[in-house]
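As a plain string of letters, each chain reads:
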Amino acid sequence: MISSKMISAINEQINKELYSAYLYLSMQAWFADQNLDGMANWMNAQSKEEDFHAMKLFDYLIERGARVKLKAIADPTLDFENPLKAFQMALEHERYISKSINELMDLAIKEKDHATKSFLQWFIDEQVEEEASVDRIVNMLKMIGDHGHGLMMIDRELAQRSYSPEDEE
Ligand code: FEO
């Protein structure tokens with residue numbers, strides 16, 4: 001039996017994941033406007049991944065016989081100043097999401113909800129990867145500084161990313 005507190009906390013997390021998708025979509029639009037199509041592509045893949053996270057939580061609640069309650073998604077930031085600032089914001093955001101997932105796990109442990117603990121472990125592991133991949137890009141952008149050539153090279157690399165839910169299995 002899943003508690004109403006746990007259900008409500010997972011519903012909040014669905015909203016956070018949907019906001020994440022929206023934030024990265026906003027970053028995609030900003031990068032496209034800057035003619036950095038590789039970075040825009042990376043953000044598009046990231047946004048799809050966040051949708052997948054939201055739906056994984058959504059499906060879990062339904063599987064447990066709980067009610068999914070969707071809430072309004074906040075307006076995302078529209079302007080990001082420069083590529084480094086955008087990816088730094090993405091990294092901050094991922095750290096915030098990791099903290100939120102950890103708090104969900106704390107609650108599942110407190111409530112001795114073993115099924116939810118087992119389910120959340122996937123998200124705990126996923127957040128390690130999420131933070132690491134954004135951190136790597138932040139470090140590359142810091143290294144190249146104002147060098148346009150370096151920026152184009154990173155953009156070309158990030159153009160290679162694609163996302164498919166099957167990758168998560
Ligand atoms: Fe769904 Fe990037 O955390």
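The numbering scheme is per chain: residues are counted from 1 as the chain's sequence reads. For this predicted model, a pLDDT threshold of at least 70 governs which residues receive local features, and a threshold of 80 or more governs which side-chain atom pairs are given and counted, while totals over whole chains, interfaces and linings are taken from all residues. Here the side-chain values reflect all heavy atoms present in the structure, with hydrogen atoms and water set aside.

### Some points on the nonpolar core
Then, in step 1: For our purposes a nonpolar core is just a set of buried Ala, Val, Leu, Ile, Met, Phe, Trp, Tyr and Cys residues, chained together by side-chain atoms within 4.5 Å. Think of it in three bands: with a 1.4 Å probe and only protein chains considered, a residue is buried below 20% of the maximum accessible area for its type, exposed above 50%, and partly exposed in between. Counting residues in hydrophobic clusters, the biggest one holds 25 residues, and the most contacted among them are Phe 31, Met 39, Phe 87 and Leu 141.
Then, in step 2: Helix numbers and strand numbers start at the N terminus; a helix is a DSSP run of H or I with at least 4 residues, a strand a run of E with at least 2. Mapped onto this core, the elements with two or more residues apiece are α1 (4-33), α2 (37-63), α3 (83-110), α4 (114-144) and α5 (148-158).
Then, in step 3: Setting aside residues no more than four positions away along its own chain, Leu 141 makes contact with Met 39, Pro 83, Leu 84, Phe 87, Leu 151 and Ile 154.
Then, in step 4: Ranked by size, the runner-up nonpolar core spans 21 residues in total, among them Ile 2, Ile 7, Ala 66 and Leu 120. Note on contacts: a residue pair is in contact if any heavy atoms of the two residues lie within 4.5 Å.

### Structural notes on α5
Then, in step 1: Those residues of α5 lying buried are Gly 150, Leu 151, Ile 154, Asp 155 and Leu 158. Buried residues of α5, seen end-on, are gathered within an arc of 140 degrees and therefore sit on one face of the element. With respect to the buried face of α5, the exposed residues turned more than 90 degrees away are His 149 and Arg 156. This arc is built from the directions going out from the helix axis to the C-beta atoms.

### Focus on the side chain of His 93
Then, in step 1: Tracing the chain through its elements places His 93 in helix α3.
Then, in step 2: Judged by relative accessible area, which is 10%, His 93 ranks as buried.
Then, in step 3: Looking at His 93, its side chain comes within polar contact range of the side chain of Ser 20, at 2.8 Å.
Then, in step 4: When near neighbours in sequence (up to four residues on either side) are disregarded, His 93 contacts Tyr 19, Ser 20, Leu 23 and Tyr 24. As used in this structure description, the phrase polar contact means that two N or O atoms lie within 3.5 Å; if the pair is within protein, one of them must be able to donate a hydrogen and the other to accept it, and residues adjacent in sequence are counted only when both atoms belong to side chains.

### Focus on a nonpolar patch on the surface
Then, in step 1: A grouping of Tyr 22, Leu 25 and Ile 73 is seen on the molecular surface, where their side chains present a nonpolar patch of about 250 Å² in accessible area.
Then, in step 2: With respect to the element layout, Tyr 22 can be found in helix α1. Residues qualify for a patch when their relative accessible area is over 30% and they have no salt bridge, like charges being joined within 9 Å and the nonpolar side chains of Val, Leu, Ile, Met, Phe, Trp and Tyr within 5 Å. The accessible surface values rely on the Shrake-Rupley method and a 1.4 Å probe; as for residues, cover is taken only from the protein chains in view. Put simply, a salt bridge is a Lys or Arg side-chain nitrogen that is within 4 Å of an Asp or Glu carboxyl oxygen.

### Here's the deal with the pattern of salt bridges
Then, in step 1: Overall, the coordinates contain seven salt bridges when judged by the stated rule.
Then, in step 2: As a salt-bridge pair, Lys 71 and Glu 12 come within 2.6 Å of each other at their nearest N and O atoms. Placement of Lys 71 in the loop between α2 and α3 and of Glu 12 in helix α1 is noted, with a sequence separation of 59 residues between them.
Then, in step 3: A relative accessible area of 33% places Glu 12 in the partly exposed class.
Then, in step 4: Arg 64 is the salt-bridge partner of Asp 113, the closest N and O atoms lying 3.7 Å from each other. Of this pair, Asp 113 sits in the loop between α3 and α4 while Arg 64 sits in the loop between α2 and α3, and the two are 49 residues apart along the sequence.

### Structural notes on the packing of aromatic side chains
Then, in step 1: Each aromatic pair joins two rings of Phe, Tyr and Trp (for Trp, the six-membered one) with centres within 6.5 Å, and gets the label stacked for planes under 30 degrees apart, edge-to-face for over 60, and tilted for any other angle. Per the counting criterion, the structure on display carries nine aromatic pairs.
Then, in step 2: Considering the side-chain rings of Phe 31 and Phe 87, the 5.6 Å spacing of their centres and the 40 degrees angle between planes classify their relative orientation as tilted. With Phe 31 in helix α1 and Phe 87 in helix α3, this pair connects stretches of sequence that are 56 residues apart. For the pair Phe 31 and Phe 87, one class covers both residues: buried.
Then, in step 3: An aromatic cluster of at least three residues, connected via ring pairs, comprises Phe 52, Tyr 60, Phe 119, Trp 122, Phe 123 and Tyr 163.

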